[in-house]
Amino acid sequence: MEVERRIEQFKTGSKKAGVKLTHQRLEIFREVAASLKHPDAEAVFRGVQKRMPTVSLDTVYRTLWLLNGLGLITTLGPRRERVRFDANLEHHHHYICMRCGLARDFESADLSALLIPEAVKEFGSVVTTHVEVRGLCDSCAKEKAGESVSDNPERPQG
Ligand SMILES: [Zn+2]
Ligand SMILES: [Zn+2]
């Protein structure tokens, strides 16, 4: 299973990085690896807390950034207030649901080999490219179809 494979990769990576593999770190990583949504720190915290009630948001936050600094996980998109974490270290792209925020991974050799226009290189160096496909995911599309016609279709969704 993909999650288990990533956990094995994480264990090996931790060893190489010389970081102690605590139960807590493993559970935090597992939460990121098991999520299909690329969770932010709070979502990771809520998930881990179910299995480890003593964990604090601060610990989760610090652990995520520690793992990120070691290259054991990566982040999604620019560093805004709510950074989302990603356990997939392969070169990949994302499908983002504009309604619920679901972020699924996909691979594409064509997209990974995209030619970067010379103009971009004038901004600075190019490290990697990432394509974000946006749309409405299947479950949101179903929900939307099931909703009765409202007088204000633009109302925010809880
Ligand atoms: Zn959705
Ligand atoms: Zn991803």
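Residues numbered from 1 in each chain as written. Chains lettered and ligands numbered in written order. Predicted model: local features only at pLDDT ≥ 70, side-chain atom pairs only at ≥ 80, totals over all residues. Heavy atoms only, no water.

(A) Layout of the side chain of D40. Within the fold, D40 resides in the loop between α2 (23-34) and α3 (41-51). Residues in contact with D40, not counting those within four places in the same chain, are R82, V83 and R84. (Helix = DSSP H or I, 4+ residues; strand = E, 2+ residues; numbered from the N terminus. Contact = heavy atoms within 4.5 Å.)

(B) Layout of the coordination of the zinc ion (ligand 2). All of the protein donors around the zinc ion (ligand 2) are H38 (NE2), D86 (OD), H92 (NE2), H94 (NE2) and D105 (OD); their distances to the metal are 2.0 to 2.2 Å. If you list the donors of the zinc ion (ligand 2) from N- to C-terminus, the spacing comes out as H-x47-D-x5-H-x1-H-x10-D. Separated by 67 residues along the polypeptide, H38 in the loop between α2 and α3 and D105 in strand β4 (residues 103-106) bring together distant segments of the chain. Relative accessible area serves as the criterion here: at 4%, H38 is assigned to the buried category. (Donors = N, O, S within 2.8 Å, 3.2 Å for Na, K, Ca; no water. Buried < 20%, exposed > 50% of the residue type's maximum accessible area, 1.4 Å probe, protein only.)

(C) Representation of the sheet that holds strand β5 (residues 132-135). Pairing is mixed across the open sheet formed by three strands, whose spatial order is β4-β3-β5. Single-partner strands in this sheet number two, and they are β4 and β5. Pairs of neighbouring strands in the sheet enclose a mean axial angle of 25°, with direction left out of account. (Pairing = 2+ DSSP bridges. Axes fitted to C-alpha atoms, helices over the stretch in contact; angles between N-to-C directions.)

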